[in-house]
Amino acid sequence: MSATKRIESALISVFHKDGLEPLVQELHHLGVHLYSTGGTRAFIEKLGIPVTPVEALTTFPSILGGRVKTLHPKVFGGILGRRGLESDVAQLEEHAIPPIDLVIVDLYPFEATVAAGGSEEEIIEKIDIGGISLIRAAAKNFNDVVIVPAQRHYAEILQILREQKGRTTLAQRKAFATHAFGESAHYDRAIHAWFSGEKNEGPDTAGQPVHPLRYGENPHQPAQFIGDLDGLFERLNGKELSYNNLLDLDAAVELVDDLGTLEGVPFCILKHNNACGAAVRPTLKEAWDAALSGDPVSAFGGVLITTAMIDAATAKAIDPLFFEIICAPDYAPAALEVLRKKKNRIILKRKAAAKPERKFRTALNGTLAQAPDHVVDRATGMKAVTNKAPSAAELHDLEFANILVKHTKSNAIVLAKSLQLLGSGTGQTSRVDALEQAISKAKKFNFDLKGAAMASDAFFPFPDCVTIAANTGIGSIVQPGGSIRDQDSIDACNGLGIAMCITGNRHFKH
């Protein structure tokens, strides 16, 4: 391997020791001279591996209760010394400072101490000084030094050491340095948030992978995705994801996860962040057929998603449709064989991963932050407010429709029956327009709206939507309520023989 450097010496000073043993063993096997401090040195000594105390290098003891251990020219000179600069090399030799080629650090758990409700004294003592200084120094000198800045990178450096026999490339050292400055930025951000007394609401992208995208929403807009896409999806086929693909996938994942709480198998088809087809059925193939029939025209070029493994029969049914992306937790081998026939078709295998606890978007000259809308209105929590109560089947449809309307751009109306999306009105400036659009969609594909369920993302300020719904045969309605004119809509339902439920939860989506 060309342009590599061999690691001859390493300084190890870590808080978390889990996963450290095999790394130390490999360094010992490679003949690397180890330096360490305090508890980490004791850990290495218990393994029976030779280690030089930092105090022996500096000829200065650890002082102030361990607050000062590594902050010494003989440590930082060995890290920051430029191996290719003659004057640096001469000074290192003059002062008997040995070069340090690898620095492994894991910082004091400041955030965990805060989260655990630690006292001010405990929190202050968990502000790492020496560790963060080691990280920054080693990262700055990445031309010569490898920095491992956190426990989660132990396995990565171990693999490199084993495969490359203790050598690293410049690209690898720079990649670790990138991780290091991200770790440093995140750590300082957390400390600042605690000192300021303000909960840090901004998106924390420090240290996150950056994925350049072909372009943004339009070809003239440069774009990138900052985050761990590989931790969420495995791409089994097709081209790189685009900006618009990622927005559609975000909407698709949120919707299918909510529908996945219902009994049965959900299948959804999305276009421009809105569902154009959705159904829940006992089997995947039935769910696909019902979802597609909801709007086979809009399904063209859409994003397909389900919570079930794609089987061969469903893959064969899907294959004739042109679509951008299919996303599922797994695929039968025969299904993959069918779906991979088109090389640009993006096939994603979804991994289990935590979702962000905050939602962000830029606005004006700042950033808006809010908690995600995790509320799923259950049938058991829907309050019937009309003389006629919905039947059990209608309640199931109202629950299904209300999940869909929650994930539809406002103003939104959704019509559903037998756990199938019949039509939706999306992003309209009036609720009447949204309802009329939903009715028009359903009629376009010959759905019978008699007995259908209707969901609204917000309250009805007037009873006009109830009247329109009754004229098309809709039998039940769910809405959040909250209007000073709620009773007008309730009275209209009673007069027209429609059941209405109120949830108390509005689901605007902009």
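Residues numbered from 1 in each chain as written. Predicted model: local features only at pLDDT ≥ 70, side-chain atom pairs only at ≥ 80, totals over all residues. Heavy atoms only, no water.

### Regarding the packing of helix α4 (residues 73-80) against helix α8 (residues 130-140)
The interhelical angle for the contact between α4 and α8, taken along N-to-C directions, is 30°, at an axis separation of 8 Å. Here α4 lies roughly parallel to α8, going by the angle between them. In this structure, α4 contributes Val75, Phe76, Ile79 and Leu80 to the contact, and α8 contributes Gly130, Ser133, Leu134, Ala137, Ala138 and Lys140. Taken together, the residues of the contact of α4 with α8 break down into 7 nonpolar, 2 polar and 1 charged. (Axes fitted to C-alpha atoms, helices over the stretch in contact; angles between N-to-C directions. Helix = DSSP H or I, 4+ residues; strand = E, 2+ residues; numbered from the N terminus. Parallel < 35°, antiparallel > 145°, perpendicular 65-115°, else oblique. Contact = heavy atoms within 4.5 Å. Nonpolar A, V, L, I, M, F, W, Y, C, P; charged D, E, K, R; others polar.)

### Overview of the packing of helix α16 (residues 431-444) against helix α17 (residues 464-471)
Between α16 and α17, the shortest axis-to-axis distance is 9 Å and the interhelical angle comes to 15°. Considering the angle they form, α16 stands roughly parallel to α17. Judged by the twist between their axes, the crossing of α16 over α17 is right-handed. Where α16 abuts α17, its residues Arg431, Val432, Leu435, Glu436 and Ile439 lie against Asp464, Cys465, Ile468 and Ala469. Looking at the contact of α16 with α17 residue by residue, the class counts come to 6 nonpolar, no polar and 3 charged. (Left-handed = near helix turned anticlockwise from the far one by under 90°.)

### Comments concerning the environment of leucine 404
Residue placement: leucine 404 occurs in helix α15 (residues 392-406). In this view, leucine 404 contacts Leu255, Leu259, Ala275, Ala278, Val414 and Leu421; residues no more than four positions away in its chain are not counted.

### Regarding unusual backbone geometry
Of note, the bond from serine 410 into asparagine 411 is cis; its omega dihedral lies within 30 degrees of zero at -10°. With respect to the secondary-structure elements, asparagine 411 resides in the loop between α15 and β19 (413-416). Unlike most non-glycine residues, histidine 272 shows phi in positive territory, near 50°. Assignment of secondary structure puts histidine 272 in the loop between β11 (265-271) and β12 (274-281). Under the relative-accessibility criterion, histidine 272 is labelled exposed at 64%. Here the phi dihedral of leucine 419 falls at roughly 55°; this positive angle occurs in a residue that is not glycine. Along the chain, the position of leucine 419 falls in the loop between β19 and β20 (421-425). (Buried < 20%, exposed > 50% of the residue type's maximum accessible area, 1.4 Å probe, protein only.)

### Structural notes on the sheet that holds strand β4 (residues 52-53)
Pairing is parallel in the open sheet, where 5 strands are placed in the order β4-β3-β2-β5-β6. Either end of the sheet is taken by a strand with one partner, and the two such strands are β4 and β6 (146-148). Of the strand pairs in this sheet, strand β2 (residues 9-14) and strand β3 (residues 33-36) are connected by 4 bridges, and their pairing is parallel. Each bridged residue has a counterpart across the sheet, and for isoleucine 12 the counterpart in β3 is serine 36. (Pairing = 2+ DSSP bridges.)

### Here's the deal with the nonpolar core
Of all hydrophobic cores here, the largest spans 51 residues; its most connected members are Ile12, Leu23, Leu27, Leu34, Ile79, Val103 and Ile104. In contact with isoleucine 104, other than residues within four places in its own chain, are Leu11, Ile12, Ser13, Val14, Leu23, Leu27, Val148 and Tyr154. (Core = buried A, V, L, I, M, F, W, Y, C linked by side-chain atoms within 4.5 Å.)

### Overview of the sheet that holds strand β10 (residues 233-237)
The strand order across the open sheet built from 6 strands is β10-β15-β14-β13-β11-β12, with neighbouring strands paired in mixed fashion. Of all strands in the sheet, those with a lone pairing partner are β10 and β12, marking the two edges. In this sheet, adjacent strand axes meet at a mean angle of 20° when their direction is disregarded. Pairing geometry for strand β13 (residues 302-306) and strand β14 (residues 323-328), over 4 bridges, is parallel. By the bridge assignment, leucine 304 is partnered in β14 with isoleucine 326. Packing of helix α12 (residues 284-294) onto the sheet brings it into contact with β11, β12 and β13, and relative to β11 it is tilted by some 30°.

### Points about the side chain of threonine 503
Examined against the element boundaries, threonine 503 turns out to sit in the segment after β23 (499-502). Not counting chain neighbours up to four residues away, the residues in contact with threonine 503 comprise Asp377, Met382, Asn402, Val478, Gln479 and Pro480.

### Concerning the pairing of strand β21 (residues 453-456)
Because side chains alternate across β21, one face comprises the buried residues Ala453 and Ala455, and the other comprises Met454 and Ser456, equally buried. Sheet topology places β19 next to β21; 4 bridges connect them, and they run antiparallel. Of the residues in β21, the one forming a bridge with alanine 416 is alanine 453. Bridge count between β21 and strand β22 (residues 476-479): 3 bridges; the pairing is parallel. Residue pairing for β22: alanine 453 is matched across the bridge by serine 476. As a crossover connection, the stretch from β21 through α17 into β22 is right-handed. (Right-handed = clockwise from strand over helix to strand, strands pointing away.)

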